[in-house]
Structure formats: structure tokens, C-alpha cells
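Spelled out from the first residue to the last, the chains are:
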Amino acid sequence: MLNLPLLSVLIIFIPLAAVATSIGIGGGAFFVPVLVFVGFDFFQATALSLAMITVASLSASFVFLRSGLIDPLLLLLIGPISAIASLGAGYGSQLLPERGLQAAFVALLLLVSWRMARSGGDASSEDGAREPRPGLGRLVRQRAGERYEVSAPLALVSAAAAGTAAGLFGIG
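Residues numbered from 1 in each chain as written. Predicted model: local features only at pLDDT ≥ 70, side-chain atom pairs only at ≥ 80, totals over all residues. Heavy atoms only, no water.

Asker: So what's going on with the overall build of the chain? Residues and values would help.
Answerer: Of the regular secondary structure elements, the chain holds six helices and two strands. Along the chain, from the amino end to the carboxyl end, the secondary structure elements read α-α-α-α-α-β-β-α. Within the span of the chain, comprising 172 residues, buried residues form 22% of the whole. Summarising the internal contacts of the chain: among those between residues at least 6 apart in sequence, 63% fall at separations of at least 24. Of the accessible surface of the chain, which amounts to about 11,300 Å², a share of 69% is contributed by carbon and sulfur atoms. (Helix = DSSP H or I, 4+ residues; strand = E, 2+ residues; numbered from the N terminus. Buried < 20%, exposed > 50% of the residue type's maximum accessible area, 1.4 Å probe, protein only. Contact = heavy atoms within 4.5 Å. Areas by Shrake-Rupley, 256 points an atom, 1.4 Å probe, with all protein chains shown as cover.)

Asker: Describe the environment of Ser86, with residues and values.
Answerer: By the secondary structure assignment, Ser86 is in helix α4 (residues 72-93). On a C-alpha basis, the gap between Ser86 and Thr164 in space is 4.8 Å, while along the polypeptide they are 78 residues apart. The contact partners of Ser86, leaving out residues within four places of it in the chain, are Gly163, Thr164, Ala166 and Gly167.

Asker: Could you give an account of the packing of aromatic side chains, with specific residues and numbers?
Answerer: Within a pair of aromatic rings, the relevant descriptors are the distance that separates the centres and the angle that separates the planes. Summed over the entire model, instances satisfying the criterion amount to two aromatic pairs. Relative to Phe169, the ring of Phe105 lies with its centre 5.7 Å away and its plane at 40°, an arrangement referred to as tilted. Of this pair, Phe105 sits in helix α5 (residues 98-119) while Phe169 sits in helix α6 (residues 152-169), placing them 64 residues apart in sequence. Through a chain of ring-to-ring contacts, the aromatic side chains of Phe42, Phe105 and Phe169 assemble into a single cluster. (Phe/Tyr/Trp six-rings, centres within 6.5 Å; stacked < 30°, edge-to-face > 60°.)

Encoded structure:
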């Protein structure tokens, strides 16, 4: 028989996971608070959230890979950095106080929410669009019929930050 906290988690997570997946959010911003709300401590919530995100990410990645939306070169560039940062932050999180991690998690969610609200939820901008061109630290790529430019240094820093956030807070 299912116990009440597990049943609560299932009732809450299934709709949240569906909504998060449909709008492209890994779910950790939803999963961790809900898990804490139903009684898991922050470390357990983070670990379970990451496990759930891993399964969902692998499933979605298969679909995106088959449709040609994943750029293998960029994956090879940023994947290892993100994985190493996540591993290090996951180990390091055990040395930090739970309350401090919770406060940092809330601060991160507030910052992201503020940035999204400020930009209207659209991270892209057509203003000042220019034709991508190669240069020092810039990669010009073409994928799924779209030509784009990536700053390799910025991509590496962003991957490290995302991996660190994943390891510390259970968000992906």
C-alpha cells in the first residue's frame, strides 16, 4: 500500500512533470520545492529531482537527437564541463548547511523569475540581429536549417554554472 507522502508526491508530480516538460523546463524548479513541501529534506529532494530529470532528459534527448536539434560539437564542448561541475557541486553540497542551500535556491529562482519577467519570457532578440561570422572564441554552426553563432568561452562558463546549479539544487 502507498503511504500518504508518496501518494501526495505522485498526485502532485504527474501534472507538474507534464506541464514542465511541455514548456521545456527540466522540472527541478518545481520538483525540489514540492518534495520539500511533502516532507523530504533538501538533500533528498535534490537527489530525487536530479534522478527524475535524468530520466526525462534522456528520453527527450533521444527525440531531439533524432530530429537533428542536438549539435554534437556543442554537446562535446559543454557536456563534460557541465558534468564535472555538477559532480563537484553535488559532493560539495554535503558540506554546506541545508538552510544556506535553501536560501541560495530561492535567490536563484527569484533572479531567474525577475529576468524572465523583465524580458517578457523571451530570451531571444531580433533587435540587432546580424549574420553569424567566425572569430576568436566564436563558433558558427548550422543545425536544423538554422545558422547561428556560439561564444565558446560563454558556453563553457554557462555550462559550468548550469552544472553547479544542478549539483547544488537539483535543477537541470
